[in-house]
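Notes for the structure review
If you want the building blocks of each chain, they are given just below.
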Amino acid sequence: MTVFPALEIPETLAAGPGPGNTDPRVLEAFAKAGVADHMQADVLRGMIEAKHMLRDLWGTKNLFTFGVAGTGWSGLDSMEGLILPGDKVVSFVNGTFSGIDDLTIRIKASALEDLAADSLDPHPANVHTVSVPHGQSVTAEIVDAALAEHKPMWAFMAHWETGSGRVNDIQGFSDACVKHGVMGLVDAVSSLGVGDFNIDDYPGVVAWASCPQKGVLSLPLTYAPVSFTDNAIELLKARGCYSFVHNPIFEARHWGIIEGKDVDTPSYHRTHSGYAVAAFHEALRIILGYGRGRKASDYKYHEAALRQAVEAMGCEVTSNMPSLIVLNLPGKLAGREKELVQGARSQGFGIWPTLSEPVQVRIGILNQLTPEQITEITSRFADAMLAMGAEFDKATVLNQLKSYYAKAA
Ligand SMILES: *Cc1c(COP(=O)(O)O)cnc(C)c1O
């Protein structure tokens, strides 16, 4: 038997696509919560209050708005569980994450024969995957053409594809779903808490799923926010799904959503953690207190600053997401992306490569919304590039950044 020494994890600067840097208030709420069971009155009240704050964050009147315990994939699994074997689906893929969503959807839409043919990567004929090249966005035209051609029951898209850093056309997606009588499902893992949008403005989308660790900034593993329209829930009630724990109707009961209405007496679904509830509740208070609109414009403002700085270092930016920059290194360093990222990470500067081809570098700014923090990220990235032989003058880059902020102020 081996008892290992106590695990120590160092502080790093999380400057990737996620997880974002957890606010000390969230950690404090987590650590300060008393030991209380999952049916204790304040734990339940916290869940109910979090549910109401989530409706504001999503911009929705959807009754079925709550958190699925776990990570982003837990919420996505709950949403994608609406799809049953044999259902006709069109899914749009433009990067790593929509690719994994597409795999999830193919698994859920598979018949037994499809799974038996290739259980880890089934290809049921009823799922049509539309692949959009890495670095490009899913457009209204692409969605409209595919839905017109295939006339599916469901359509799936990522709102913001974090793998390639691309914002997809949610208005076009929703409009096409309405026009063709299709039910839209959206992965909003990267956009919730970063962008300023109301999901009720997109009636073609019947269900949305996000995560705790990106814009919501509640990493102490908490809840993946989800929201379902009444139509989606009625369909679910009529047809069912192959899950107890991730069935939205069952899961919502612990958040005080029972038999089509809000109640103040939730019922047991699983053993929720008072620590997690306290952290999640605080994270939502922070975002709503900051203001969703202000946060969205702050992300855009600081993304533009960082973009300018990495371009001044000779990088080519191919993303258009407000919380993330995806770039190609200048010609001389091309092909050494992973080396650069590994070097930076070993210094506690947590940037990322892309997780699928082509290899690019990703730098994120989640919860880094001050000139000082962006300057720190710029400076550390400049050091990493210079250490590998890049040719630019760091002082010039930093001065340019300084004047960007001075001009804006
Ligand atoms: C991060 C991410 C996921 C996965 O979230 P986890 O918290 O790692 O489970 C899914 N989709 C998108 C678009 C993401 O950015």
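Please read these numbers as outputs of a predicted model, since none were measured by experiment. (Residues numbered from 1 in each chain as written. Predicted model: local features only at pLDDT ≥ 70, side-chain atom pairs only at ≥ 80, totals over all residues. Heavy atoms only, no water.)

Digging into the pairing of strand S10 (residues 223–228)
Regular strands place their side chains on alternate faces of the sheet. Formally: For every residue, the accessible area (1.4 Å probe, protein chains only) is compared with the maximum for its type, and the residue is labelled buried under 20%, exposed over 50%, or partly exposed between those bounds. Numbering of helices and strands runs from the N terminus, with a helix taken as a DSSP run of H or I at least four residues long and a strand as a DSSP run of E at least two residues long. Should DSSP find at least two bridges between two strands, the strands are taken to pair.
Extensive coverage of S10 is indicated by the burial of six of its six residues. In this structure, strand S2 (residues 64–69) lies alongside S10, joined through six bridges in antiparallel fashion. Bridge pairing links Gly67 to Pro225 in S10. Here strand S9 (residues 205–209) runs beside S10; their pairing, made up of three bridges, is antiparallel. Among the inter-strand pairings, Trp208 is bridged to a residue of S10, identified as Ser227.

Concerning helix H8 (residues 230–239)
Threshold: Note that the arc is computed from the directions linking the helix axis to the C-beta atoms. We call two residues in contact whenever any of their non-hydrogen atoms come within 4.5 Å of each other.
For H8, the complete set of buried residues consists of Ala232, Ile233 and Leu236. Buried residues of H8 fall within an arc of 95° about the axis and therefore sit on the same side. In H8, the exposed positions that point more than 90 degrees away from the buried face belong to Asn231, Glu234, Lys237 and Ala238. The inward-facing, buried residues of H8 contact S2, S9, S10 and helix H9 (248–253). At the C-terminal side of H8, Gly240 shows a positive phi close to 80°.

Things to note about the nonpolar core
Put simply, the test is: To define a nonpolar core, start from buried Ala, Val, Leu, Ile, Met, Phe, Trp, Tyr and Cys residues and group those joined through side-chain atoms within 4.5 Å.
Judged by nonpolar contacts, the single largest core of 68 residues is most densely connected at Phe66, Phe92, Leu147, Phe173, Leu185, Trp208 and Phe228. Broken down by element, this core gets its largest block of residues, seven residues, from helix H2 (residues 41–58). By size, the runner-up hydrophobic cluster in this structure holds 43 residues, among which are Leu217, Cys315, Val326 and Leu369.

Things to note about the site of the ligand
Where we set the bar: Any residue with a non-hydrogen atom lying within 4 Å of a molecule or strand is treated as near it. Under the rule applied, a polar contact is a pair of N or O atoms within 3.5 Å (in protein, one hydrogen donor and one hydrogen acceptor; residues adjacent in sequence only if both atoms are side-chain atoms). Per-residue and other accessible areas were derived by the Shrake-Rupley procedure at a 1.4 Å probe size, with only the shown protein chains allowed to occlude residues. Following the grouping adopted for this structure description, the nonpolar residues are Ala, Val, Leu, Ile, Met, Phe, Trp, Tyr, Cys and Pro, the charged ones are Asp, Glu, Lys and Arg, and the polar ones are all others, Gly among them.
Near the ligand you find Thr71, Gly72, Trp73, Leu76, Phe97, Trp160, Thr162, Asp187, Val189, Ser190, Gln213 and Lys214, and these make up its full shell. Asp187 is positioned with one of its side-chain polar atoms (N or O) 2.7 Å from a nitrogen atom of the ligand. In the environment of the ligand, an oxygen atom lies 3.5 Å from a nitrogen or oxygen atom belonging to the side chain of Ser190. Look at the ligand: alone it shows 380 Å² of surface, and the protein chains cover 90% of it. In terms of residue count, helix H3 (residues 72–80) provides more of the shell around the ligand than any other element does, three residues in total. Within the shell around the ligand, the residues separate by chemical class into five nonpolar, five polar and two charged.

Details of the domain arrangement of the protein chain
Basically, it comes down to this: Annotation comment: domain bounds sourced from an automatic or database domain assignment. Accessible surface is computed with a 1.4 Å probe, and the buried area is the amount of it that two parts give up when combined, taken over both parts together. Any Lys or Arg side-chain nitrogen found within 4 Å of a carboxyl oxygen on Asp or Glu counts as a salt bridge.
According to the domain assignment, the protein chain consists of domain 1 (24–288) and domain 2 (292–408). For domain 1 versus domain 2, the distance between C-alpha centres works out to 30 Å. Between domain 1 and domain 2, the buried area comes to about 1900 Å², and carbon and sulfur atoms account for 56% of it. Of all residues in domain 1, His134, Val194 and Leu217 give up the largest surface area on contact with domain 2, accounting jointly for 27% of the area buried on that side. Scanning the region where domain 1 abuts domain 2 turns up one salt bridge. Seen at the junction of domain 1 and domain 2, the total is twelve residue pairs in polar contact (both at pLDDT 80 or more). Sorting elements by how many residues they give to the side of domain 1 that touches domain 2 places H2 first, with three residues. Across the side of domain 1 that touches domain 2, the residue classes tally to nine nonpolar, 15 polar and five charged.

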